[in-house]
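# Notes for the structure review
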Amino acid sequence: MELVQHVRRVTVFGAGQMGSGIAQTLAQHGYDTSLYDITDAAAERGMAAIASSLDRLVKKGRLTTEEREAAWHRLSPVTTLEVCRNSDFVIEAVPERLELKQKLFREIVSICPLSTILATNTSSLSITAIAGATTRPSQVIGMHFMNPVPIMPLVEVIRGLSTSEETLATTVALAESLGKTAIRVEDYPGFISNRLLMPMINEAIYAVYEGVAEPESIDQIMKLGMNHPMGPLTLADFIGLDTCLFIMETLHEGFGDSKYRPCPLLRNYVSAGWLGKKTGRGFYSYD
């Protein structure tokens, strides 16, 4: 399996749903991958999620048993930042808080080799702001994977103001080596995917808020009339309503345009803890 030149060892920071999916995908495509989280328990939960995902791929015939074992042996859970001392490439997938990401990148830069590329999986935050917290902004880039990472074919590659052409080319090549389609975009709030998707979801929530239609009807209209595989409110529940609200707030703040104002009903649901599928209740109820 062909690897990107000079990239052999990758560290993924954050063993949640996105981080574990990214680590799994890297390991499946031949990269020695370390999965970092702050506690052993968190790192092991990420590894358990990967094991289950690999097993499902074997059962569906998308992966052989031998390929599953080879991928598994390329993975290692870690809880020390020192792991990036030997990393050619790092991908950060920690929670969407700018200060947290900036702090992590400052720490990583002080440890990893001068040649290491630093990618963030942020879905809406400024790549330039994250890069500005480091001494190597030319080597910082956005690499926004879609969920679920092992299945979805898209990666948005976002260049900050200081990102070098070499960093961009290497990141695109890495994404393509994972079987992904890498789409290059510039560093503006929400990039392309969430700048288009989240206002649609927010407008669907406004339709519920204003009593235009029930959630089921809104989703059916978009599925049957617009050929969407999933209705916007079902998708919002899947993404997490707290995440949707955060991205809408980022768009609203970043552009200063009222068309991005989050719907009051979305704020209320988040305040109530109705975050969607992960909490058992959002626009729909889940067992």
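As the structure is a computational prediction, the values presented were derived from the model and not from experiment.

Cut-offs applied
- Residues numbered from 1 in each chain as written.
- Predicted model: local features only at pLDDT ≥ 70, side-chain atom pairs only at ≥ 80, totals over all residues.
- Heavy atoms only, no water.
- Helix = DSSP H or I, 4+ residues; strand = E, 2+ residues; numbered from the N terminus.
- Contact = heavy atoms within 4.5 Å.
- Pairing = 2+ DSSP bridges.
- Axes fitted to C-alpha atoms, helices over the stretch in contact; angles between N-to-C directions.
- Domains from an automatic or database assignment.
- Buried area = accessible area lost by both parts, 1.4 Å probe.
- Salt bridge = Lys/Arg side-chain N within 4 Å of Asp/Glu carboxyl O.
- Polar contact = N/O pair within 3.5 Å; in protein donor to acceptor, adjacent residues only side chain to side chain.
- Expected span 1.5 Å × (residues − 1).
- Buried < 20%, exposed > 50% of the residue type's maximum accessible area, 1.4 Å probe, protein only.
- Arc of directions from axis to C-beta.
- 1 Å grid on protein atoms, 1.4 Å probe; cavity = no way out; pocket = protein on both sides within 12 Å on 5 of 7 lines; lining within 4 Å.
- Points joined across faces, edges and corners; volume = space filled by probe spheres on them.
- Nonpolar A, V, L, I, M, F, W, Y, C, P; charged D, E, K, R; others polar.
- Parallel < 35°, antiparallel > 145°, perpendicular 65-115°, else oblique.
- Core = buried A, V, L, I, M, F, W, Y, C linked by side-chain atoms within 4.5 Å.

## Some thoughts on the environment of F145
With respect to the helices and strands, F145 occurs in strand β6 (residues 140-145). Remark: the alpha-carbon pair of F145 and G30, spanning 115 residues in sequence, is separated by 18 Å. In this view, F145 contacts M18, I22, I91, N121, L154, V155 and L178; residues no more than four positions away in its chain are not counted.

## A short note on the sheet that holds β6
Spatially, β3-β2-β1-β4-β5-β6-β7-β8 is the arrangement adopted by the eight strands of the open sheet, whose pairing is mixed. For this open sheet the edge positions go to β3 (75-78) and β8 (181-186), each flanked by a neighbour on one side alone. In this sheet, adjacent strand axes meet at a mean angle of 25° when their direction is disregarded. Lying on the sheet, helix α2 (residues 40-59) is in contact with β2 (32-36) and β3; it crosses β3 at an angle near 155°. Each of β1 (9-13), β4 (89-92), β5 (117-120) and β6 touches helix α4 (residues 98-109); the most contacted strand, β5, lies at about 165° to it.

## With respect to the domain arrangement of the chain
Structurally, the chain comprises domain 1 (9-186) and domain 2 (194-279). The largest share of the area that domain 1 buries against domain 2 comes from E96, S123 and S124, three residues that together contribute 61% of it. Remark: the boundary between domain 1 and domain 2 carries zero salt bridges. In this structure, the connection of domain 1 to domain 2 is made through one residue pair in polar contact (both at pLDDT 80 or more).

## Overview of helix α8 (residues 215-226)
The first and last C-alpha atoms of α8 sit 16 Å apart over 12 residues, in line with the 16 Å expected at 1.5 Å per residue. P215, I218, D219 and M222 are the residues of α8 that are buried. One face of α8 carries all of its buried residues, which in axial projection span an arc of 95°. In α8, the exposed positions that point more than 90 degrees away from the buried face belong to I221, L224 and G225. The inward-facing, buried residues of α8 abut α7 (193-209) and α9 (232-239).

## Focus on the layout of surface pockets
Counted as a void, the largest pocket has a volume near 1600 Å³. What lines the largest pocket is a set of 47 residues, and nearest its centre among them are Q17, M18, N147, I239 and T243. Mapped onto the lining of the largest pocket, the elements with two or more residues apiece are α1 (17-28), α4, β6, α7, α9 and α10 (241-255). Residue classes in the lining of the largest pocket are distributed as 25 nonpolar, 14 polar and eight charged. Structurally, the lining of the largest pocket is a two-domain feature, drawing no fewer than three residues from each of domain 1 (9-186) and domain 2 (194-279). There is about 430 Å³ of room inside the second largest pocket.

## Examining the packing of α7 against helix α11 (residues 264-272)
It is the contact of α7 with α11, at a shortest axis distance of 8 Å, that shows an interaxial angle of 90°. By the angle between their directions, the pair α7 and α11 is classed as roughly perpendicular. Contact with α7, carried on its side by N202, I205, Y206, V208 and Y209, involves P264, L265 and L266 of α11 and no other residues of that element. The class makeup of the residues in the contact of α7 with α11 is seven nonpolar, one polar and no charged.

## A look at the pattern of salt bridges
Two side chains bearing opposite charge may form a pair once their charged atoms approach each other closely. Scanning the model with the defined rule gives 11 salt bridges in all. R68 is paired through a salt bridge with E69; the nearest N and O atoms lie 3.3 Å apart. The salt bridge partner of E96 is K101, with a shortest N-O separation of 3.1 Å. Several salt bridges share partner residues, and in doing so they unite D55, R68 and E69 into one network.

## Points about helix α6 (residues 165-177)
The terminal C-alpha atoms of α6, which comprises 13 residues, lie 18 Å apart, in line with the 18 Å expected from a rise of 1.5 Å per residue. Considered for burial, the residues of α6 that qualify are T167, L168, T170, T171, V172, L174, A175 and S177. Close packing links the buried residues of α6 with α1, β4, β5, β6, β7 (154-159) and β8. Backbone geometry just after α6 places G179 at a positive phi near 80°.

## Quick look at the nonpolar core
Generally speaking, a soluble globular protein has its nonpolar side chains buried in company with each other. L26, F89, I91, M143 and F145 are the most contacted members of the largest nonpolar core, which totals 36 residues. Elements supplying a minimum of two residues to this core: β1, α1, α2, β4, β5, β6, β7 and α6. Examining the composition of this core, we find that five residues originate from one element, α1, more than from any other. Excluding residues within four positions of it along the chain, M143 makes contact with F89, I91, A119, T120, N121, V155, E156, I158, T171, L174 and A175. Core analysis: the next-biggest nonpolar cluster, separate from the first, contains 23 residues, V208, I218, I247 and Y269 among them.

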